[in-house]
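Below, each chain spelled out in residue letters.
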Amino acid sequence: MGSAVITARAAATFDPAGRSVATARAFVRDTLQGWGYTDVVDDAVVLTSELVTNAVVHAGTAADVLCLRTEDGVRVEISDHYPEREIPLQSTGPDFGSPDREGGRGLLLCAALASRWGVEYSPAHKHVWFQLDLPDRPVGVRSAGPLLPVDLLPVTDERVRVAVVQIDSLGAIAAWNDDAAYLFGYTADQVADKQFTDLTAWPQTPGTNTGIADALRLSRWEGSYGIRGADGRTIPVYGSHLRVRDTQGEPSTVCLLVRDYERAVLQSPVRTPVSDANNERKTDPFEVFIGSPAPDDLDGLLQRTVERARDMLDADAAFLLLATDDETELEVRATTGLPSARQRFARVPVEAGTGRYGSARMPAVHEDLDAVPGAVPLLGNTGMRSVVTVPLKVEGRLTGSLGVAAEAAGRYSNEEALRLQFAADRIALAVESARLGELERLRRGSLSFLVEASDLLAGTLDRDQTLALMAQMTVPTLATWCAVYTIADQSSDPYLSYVLHEDEELIDGLKALLSKISPPDPVPAPGARVWSAPSEAAHQAALRTSMRSIGLGDAGSLGAGIRSTLATAAAVGGETVVLPLVARNRVIGMLTLGKPSDDHFRQEILELAEDLSRRAALALDNARLYSERMAISQSLQRSLLPPGLPDVPNVEIEVIYRAAGEGNEVGGDFYDVFPIQDGAYGFAIGDVCGTGPEAAAVTGLARHALRLLAREGFGGPAVLERLNAAILDEGARSRFLTLLYGELWPQEDGSALLKVVCAGHPLPLRLRQDGSVEAAAEPQPLLGVIEDLELYEQTVTLDPGDVLLCVTDGVTERREGARMLGDDGLADVLATCTGLTAGAVASRILRAVERFAAEPASDDMAILAMRVPEPPAA
């Protein structure tokens, strides 16, 4: 703060939780009011609220708040533990982004409200500070009373004595001036280090739970009590307490005490509205109540409203509820002095009856809630006794309800109700406008969310991926955790298929908890319904765990299992809702959404979740149908492949098969090797025109016809001619077929005799031991085109070490731009395979085909390699 002298300081640390923002506001407000800096309290609270929100909500770290007082003003520093967040670029001017952003708005307000401000970075912290200077005050008094006759002035002794007593942080007397010794009869030495409470006679007012020890801890307190004098008499005094902190950071309380009948010396004057007679501008009643500048967001406006309502009636708590569109329910939106995390977004019916808000439409005063339990459901089990509530109305329509409450009974009368109603009338229109603006933003965001969700769900037909997408879209956007149950058919029970929590460490515990309870009933009725089983089970598990942990010492000694159970209980302790997943008029599952301890869902969120559940149900059912049909297709395709290769004596045989198209196991290419009779084996490799299921159907016909005809004793030409006739009999469904068919006879001398027919198929290649490659057959007409075929077979002898390679055109027609592998390219690759086994030859051919082009193959491929091994060396 430059050369300014710091005259007081106050500091506090707030946890990374949403409720900490309100606590930080109260801390700054009480501190500055205690220092007498009421002129800058509003601006300081607004800036603190925004900057602490950035730290505990957006940065997700604890926030350290430090208030420093000087004679000219106050400086407030807010530090978080996320220094890399929103570091401004040095090459550009300060850009804080859009004012509509949730993060970064605090810096815009600093620039608008603060006298000076800045951001400082360290390796572990980010400090945002702002300076608020006190306004220049004209010379004169801040407040004055009227001119009174002498006989009406307060009566005092010949000399007014003001006792100054300082109480340390432990409640002991640390200072005692001469006037205190005169008034109470004790010297400073006699009372040094004695507890101040031993000397006080504190009034025990029924319904009031604030004692002298509590009053000494408040930042500022003023009132009457008694001091026991040295002679045993109780002396009524009027006291003004101020909580301070010394340069070492130790807190203490300074008490100024006078005789009670001289209270006018210390008593603060009653604040009265300042007349606007001399002001040209008429004060806006809204600004009088809310302050200026008014928050531009709904939550900020509501929170400022309840805080001002509490202060206006000197209450212990205040709350504001907003009505639904049909005015049948009220939703808790802002509280102060109440457990807001537990109540936020809870809903209360607007009608008569216990647990209902029957007094919402008219101003109401309840002098003692103990006499009418349930009259104001929001205040149950909060310790509040008296309450006044007033409606917020716009054009005669109920839009909300504002209430203040106190711990003592009988605190409020009709006069306070009228004051609160006047304030409610001033803000009702602004609140409704802000609510409609928020609702419009939510609807725009919901539409964008649903469009994105639909695109993601439509982009996959995988069931597991669809389940994962459903959960990831809801957590954390709509809920803290999510569980998806699926139902296979009408006779099956719901099955827990997927669980997700925003904290990954809690997923296993949550899954274990849900697995132990019965799943929700698969009710097809639309909309979300509350499911209490998870929170009840979590509560029981936490209770059993806590009972087992008694006697284990502090929390640090608890086992990992106990800590996990308690964490899971907190994670699912809030509201849980179930939405049915209905597709094609059948419940196929349930989408379960949950909140942490005591949290509730907003109605807008539930409506959005319902829209998402309808889209997710259809996507999940489409994925199920696709998976079933894919399984059927693959099962049928696998039935078209040979069951296995026979063990042929003295001949190595290897086959590699690749079907084109995603999900296809069989295409238009096929192969087969099978025994015909003793010592004879048939082999075939073919290519049906086209790919996919239609080509696979002809594949099945060809493979089974070859086996049947060959085992009936027909030779190669006869087998192919009859197969040609069968293909032509298919009529419009027929497809032409290229086929290489042969018969193999292993010989006693170690060679192998082959008789082959090549009907329009790529010619088989023979690799000799010397590395030469040659065609092993001549081309003949393909099948399925000409009715009267005249085919012939050719005889080939494979000597030891020779290889016969048979491929489909998916190998030879492999392309990269204008280049094609072709027959010559295949022969060149085969020439490098001398001495390799049949399996190694087939693998080398496949690698050459794959490396020839970068793009995946678009045609089926089959490679059949046969090799006669060389006899072992003698």
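Scroll up to find the structure.
Residues numbered from 1 in each chain as written. Predicted model: local features only at pLDDT ≥ 70, side-chain atom pairs only at ≥ 80, totals over all residues. Heavy atoms only, no water.

Could you give an account of the overall build of the chain, with specific residues and numbers?
In terms of helices and strands, the chain carries 20 helices and 34 strands. Each of the 874 residues in the chain was classed as buried or not, and the buried ones make up 46%. Contacts in the chain between residues far apart in sequence, at least 24 positions, make up 62% of those at least 6 positions apart. Here the chain has roughly 43,500 Å² of accessible surface; of this, 51% comes from carbon and sulfur atoms. (Helix = DSSP H or I, 4+ residues; strand = E, 2+ residues; numbered from the N terminus. Buried < 20%, exposed > 50% of the residue type's maximum accessible area, 1.4 Å probe, protein only. Contact = heavy atoms within 4.5 Å. Areas by Shrake-Rupley, 256 points an atom, 1.4 Å probe, with all protein chains shown as cover.)

I'd like to hear about the packing of aromatic side chains, residue by residue, with values.
Tallied over the full model, the rule gives 6 aromatic pairs. For the ring pair tryptophan 176 and tyrosine 186, a centre distance of 6.4 Å and an interplane angle of 70° mean the geometry is edge-to-face. Separated by 10 residues along the polypeptide, tryptophan 176 in strand E7 (residues 173-176) and tyrosine 186 in the loop between helix H4 (178-184) and helix H5 (188-191) bring together distant segments of the chain. No difference in accessibility class separates tryptophan 176 from tyrosine 186, as the two residues are buried. (Phe/Tyr/Trp six-rings, centres within 6.5 Å; stacked < 30°, edge-to-face > 60°.)

I'd like a rundown of the environment of proline 643, residues and numbers included.
Relative to the helices and strands, proline 643 resides in the loop between helix H15 (603-639) and strand E23 (652-658). Separated by 30 residues in the primary sequence, proline 643 and valine 673 have C-alpha atoms spaced 10.0 Å apart.

Describe in detail unusual backbone geometry, supporting the description with residues and values.
Look at the link from valine 475 to proline 476: it is a cis peptide, with omega at 0°. As for its position among the elements, proline 476 is in the loop between helix H11 (463-474) and strand E18 (481-486). Of note, aspartate 314 is a non-glycine position whose phi angle comes to about 50°, a positive value. Along the polypeptide, aspartate 314 turns up in the loop between helix H8 (298-312) and strand E12 (317-323). On the basis of relative accessibility, which here comes to 58%, the residue aspartate 314 falls in the exposed class.

So, the pairing of strand E3 (residues 73-80): which residues are in play, and what are the values?
Of all 8 residues in E3, 8 are buried; the element is thus mostly enclosed. Here E3 shows two buried faces, one formed by Gly73, Arg75, Glu77 and Ser79 and the other by Val74, Val76, Ile78 and Asp80. Connecting the antiparallel pair strand E2 (residues 63-69) and E3 is a turn made up of 3 residues. Bridge count between E3 and strand E5 (residues 126-133): 8 bridges; the pairing is antiparallel. Within E5, the residue paired with glutamate 77 across the bridge is tryptophan 129. (Pairing = 2+ DSSP bridges.)

Please set out the nonpolar core residue by residue, giving values where relevant.
Note that soluble globular proteins tend to have their nonpolar side chains buried in a common cluster. One finds Met470, Leu514, Leu581 and Leu593 to be the most contacted residues of the largest nonpolar core, which totals 49 residues. With 8 residues, the top contributor of residues to this core is H15. In this structure, leucine 593 is in contact with Thr474, Ala479, Trp481, Cys482, Glu575, Thr576, Val577, Leu579, Phe601 and Ala609, ignoring residues within four places of it in sequence. With 31 residues, the next largest nonpolar core counts Val21, Val40, Val41 and Val56 among its residues. (Core = buried A, V, L, I, M, F, W, Y, C linked by side-chain atoms within 4.5 Å.)

Got a sec to walk through the pattern of salt bridges? Specific residues and values, please.
What the rule picks out here adds up to 28 salt bridges. For the salt bridge of arginine 624 with aspartate 621, the shortest nitrogen-to-oxygen distance reads 2.8 Å. Note that arginine 624 and aspartate 621 are positioned in helix H15 at a spacing of 3 residues, about one turn of the helix. Residue class for arginine 624 comes out partly exposed when judged on its relative accessible area of 23%. When salt bridges that share partners are traced, they join Arg25, Arg29 and Glu307 into one network. (Salt bridge = Lys/Arg side-chain N within 4 Å of Asp/Glu carboxyl O.)

Please provide a residue-by-residue account of the packing of helix H19 (residues 822-831) against helix H20 (residues 838-852), values included.
Viewed as axis vectors pointing N to C, H19 and H20 meet at an angle of 135°, and their least axial separation amounts to 10 Å. Between H19 and H20, the angle falls in the class oblique. Crossing hand, H19 versus H20: right-handed. Contacts between H19 and H20 involve Leu826, Val829 and Leu830 from the former and Val841, Arg844, Ile845 and Ala848 from the latter. Looking at the contact of H19 with H20 residue by residue, the class counts come to 6 nonpolar, no polar and 1 charged. (Axes fitted to C-alpha atoms, helices over the stretch in contact; angles between N-to-C directions. Parallel < 35°, antiparallel > 145°, perpendicular 65-115°, else oblique. Left-handed = near helix turned anticlockwise from the far one by under 90°. Nonpolar A, V, L, I, M, F, W, Y, C, P; charged D, E, K, R; others polar.)

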